[in-house]
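Structural overview for review
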Amino acid sequence: MIEYIGNKYFHLKNSKVSYIFYLMPNQQLGHLYYGKALDHLSESDLDYLAKYENKAAGTVKFSEEDSAFTLSDRPQEYPVYGTSDFRSGAVEMFDGETPLYLDFKYHAHYESKGKERVLSKPATYAEANESETLTIVLTESEHDLKLELNYTIFEESTVIAKNQRITNTGKTAKKITKMLSGHYELPSADYDFLHLSGAWLKERQITRHNLAQGTVSISSLKGASGHQHNPFIALQHKQGTIDTGEVFAMNLIYSGNFLGQAEVDEWDNTRLMLGIHPDQFSWTLKPDETFETPECILGYSDKGLNGLAGEYASFIERHIIDRKWQGQNRPIVINNWEATYFDFDQEKLLKLAQISKDIGIECFVVDDGWFSNRDSDRSSLGDWYCDTKKFPDGLKSFADKIHQMDLQLGIWFEPEMVSPDSKLYQQHPEWVVRHLHKRIAIGRGQYVLDFANPEVVDNIYQQMKKVIEETNLDYIKWDMNRNITEAYSTYLEQNGLNQTEFFHRYILGVYELYTKILTEFPNVLIEGCAGGGGRYDLGILYYSPQIWPSDDSDAVERLKIQSGTLLAYPLSSFSNHVSVVPNHQVGRMTSMKMRQDVAMFGPLGYELDLDQLTESEKKEISERILFYKQHRALLTFGTFRQLIELDDRNNEYCWSVYDGATGEAMVGFYRILAEPNPSVKDYIKLPFVSETEVYQVNNETVSGQVLKQVGIRKPYQFNGANHDRAQVKGDFQSYIYHIKSIKQ
Ligand code: DGJ
């Protein structure tokens, strides 16, 4: 997969994609190509590609020795600002207060096969026959630095994973003030910048910016990837659609502060970058020390947004999510949060559990409120032991009863937080993230624990371990409900470490707790969560194969949230709960059918008081659960595709999952508001079917060529007269098509 041509060109290639870079005349690395695979490239092809006429007349030159060479408009691999290139660079360092204008020159390169999965370090992993990594070693002789750029190419994927390591080979300490992970350049600005933005209850909505000269950026400085922006960015060709056109993207395997940006220069070159946010960050590199950036996965497709989503989904399933959960069915859960909030005891929960069991649910998750004196969201975090008012017989007895019902048990934790009234805080006020001054911000009545301090991480681990062992726990919901303010760590101060390292060390501490838990309890399924989807990223997915995507469980809002999430993450990576109506977040009434039709795409759950439902509603749920169990693998691991173009004003969505091996598909059609005399098309094409096969579409038989060229017929809309035949009537409607190939 890796070719080294003519002592100057590096070509990473598989059947789908090529990534090419080369040694520029100044021995730095220049970028040449990322896109559809280029076969049989000759050296003269590469010379042709590398010929470069500067667009920049009369600009600053890189060095006095070569009066023609400038970096000002050159596509590069890991650029440095201020070295005849005035664009934002990927790496910046200082020696004390003196900026170093780094000149990293090629020194050597080596290759390795496969990538081990190292639990403490979220990154891609692969078997020896699945990936090859090319490491380019560059040196900065004037400032005694060694830079290693790692590029990994995988079989059958357009993804290229990148990360970097920098080592101080000198005798004095230096300071890194910026070191990004993902970087690449395109010689055009004919793209839209796409990202996933939002807020609490409306996370990951697809947002578009028209690229033009200047910089557009997204970021987080909250200590978590955040509800507002996601560390995923993409460039979609302006003429592109869900199924056509080139898309280039990046996604960071990291859960903390990040910056993603697209910069268009005066010649319409576009530079895309993603990595740890340089604000509030610097890292001291003492002699012989190394700093390593989180990995970034570059993604490419020439088949539009669906193509990119498919590339990322299959890659993340195979090379980021734990092998243990690959293709593994997730349990159907009942979560008591919206059913009871804090108002519960063991009797109430056991009753809910029994009804859940009777209708086919598989896992009972006790959410917030089971510990210490937690009767509201203003107390007790940090004291992770049973509330004996709610569980007079203790947690073990409760857990045993749940297990005796043949249900799995899940328990909610918020490991990184502490309440001012907790015993933990009384004993260790210095374990809180807080600066030295009087005023301190508080969120949801709680402080953030200093996870940069290993002693804090270990204390929380010991407390959790006890609960996991006592309850023989199957499932953890790991929540995180406030962001970091006044970042300051007593531990760093006492250990002579820089406070500007806090945010990164905090996230490493979070990963350390995950590592401890999963080392000791590898079978526990951890669901990530952060006040809904406030930390939905590949760093968390490395440990938690699924994440609670949003606290908004309304079916209509979920159409947008799940559609946005699916642009960058697999179907199996988010859990969907059917909740009560009127919906608790928006007050909307939707049918049980619509709620279940939306929630069944991905891991399914329920979050409502089943005891309050009518017998016919319970029957409707149990029938759906039966159906879901029969098709769970398809609905969780099938290839997902949007069938209707996505824009800000979608009134209709059409989701599909398809299994190429069996020819089976499930298609969900959703219409938000009813329209009179609609002018919309009557058919939706199915691009995934085979033209030579015949399919059963619910109760009808249709050829693959008709489904592909014409499509499935949309459900009949109510038109004021067709009372008996209308299949969708009124607002908030859905219709499911089950499609099976009939072998002739
Ligand atoms: C926020 C989560 O997103 C909810 O699902 C619930 O667990 C609450 N926290 C509990 O405090």
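Along every chain, residues carry numbers that run from 1 in the direction the sequence is written. Thresholds applied to this predicted model are a pLDDT of at least 70 for local features of residues and 80 or more for the giving and counting of side-chain atom pairs; totals over whole chains, interfaces and linings are not thresholded and use all residues. Each side-chain value is derived from all of the structure's non-hydrogen atoms; neither hydrogens nor water enter the calculation.

1. Remarks on the overall build of the protein chain
Basically, it comes down to this: Strands are runs of DSSP state E lasting at least 2 residues, helices are runs of H or I lasting at least 4, and numbering of each runs from the N terminus. It is over C-alpha atoms that the radius of gyration is taken, and the globule rule equals 2.2 Å times the number of residues to the power 0.38. Per-residue accessibility, obtained with a 1.4 Å probe over protein chains only, is compared with the maximum for each type, and a residue is labelled buried under 20%, exposed over 50%, and partly exposed between these values. Per-residue and other accessible areas were derived by the Shrake-Rupley procedure at a 1.4 Å probe size, with only the shown protein chains allowed to occlude residues.
Helix and strand content of the protein chain: 14 helices and 39 strands. The C-alpha radius of gyration computed for the protein chain amounts to 27 Å, which stays within 12% of the reference 27 Å derived for 744 residues, consistent with globular compactness. The buried share among the 744 residues of the protein chain stands at 61%. Surface accessibility of the protein chain: about 28,400 Å² in total, with carbon and sulfur atoms responsible for 48%.

2. Quick notes on the pairing of strand β24 (residues 408-413)
Rule in force here: At least two DSSP bridges between two strands are required for those strands to pair.
Across the 6 residues that make up β24, a large majority, 5, are buried. Two elements, strand β23 (residues 363-366) and β24, share 4 bridges in a ladder whose sense is parallel. For V365, the partnering residue across the bridge sits in β24 and is G410. Bridge count for β24 against strand β27 (residues 475-478) is 4 bridges, and the pairing is parallel. Directly across from I411, in β27, lies its bridge partner I476.

3. As for the sheet that holds strand β32 (residues 639-642)
What counts here: Orientation is described by axes fitted as lines to C-alpha atoms, over the contacting stretch for helices, and by angles from 0 to 180 degrees between their N-to-C directions. Residue contacts follow a heavy-atom distance rule, with two residues in contact if any of their heavy atoms lie within 4.5 Å.
A sheet is described by the order of its strands in space; here 6 strands give the open sequence β32-β33-β34-β39-β36-β37, paired in antiparallel fashion. The open sheet terminates on both sides in strands that have one partner only, identified here as β32 and β37 (700-703). Shown here is a sheet whose adjacent strand axes are inclined to one another by a mean of 25°, direction ignored. Here strand β36 (residues 694-697) pairs with β37 via 4 bridges, running antiparallel. Opposite V694, over in β37, you have S703 as the bridge partner. Against the sheet, helix α11 (residues 555-568) contacts β32, β33 (652-659) and β34 (664-671), and its axis sits at roughly 45° relative to β33. Across the sheet, helix α13 (residues 615-637) is in contact with β32, β33, β34 and β39 (733-742); its angle to β34 comes to roughly 90°.

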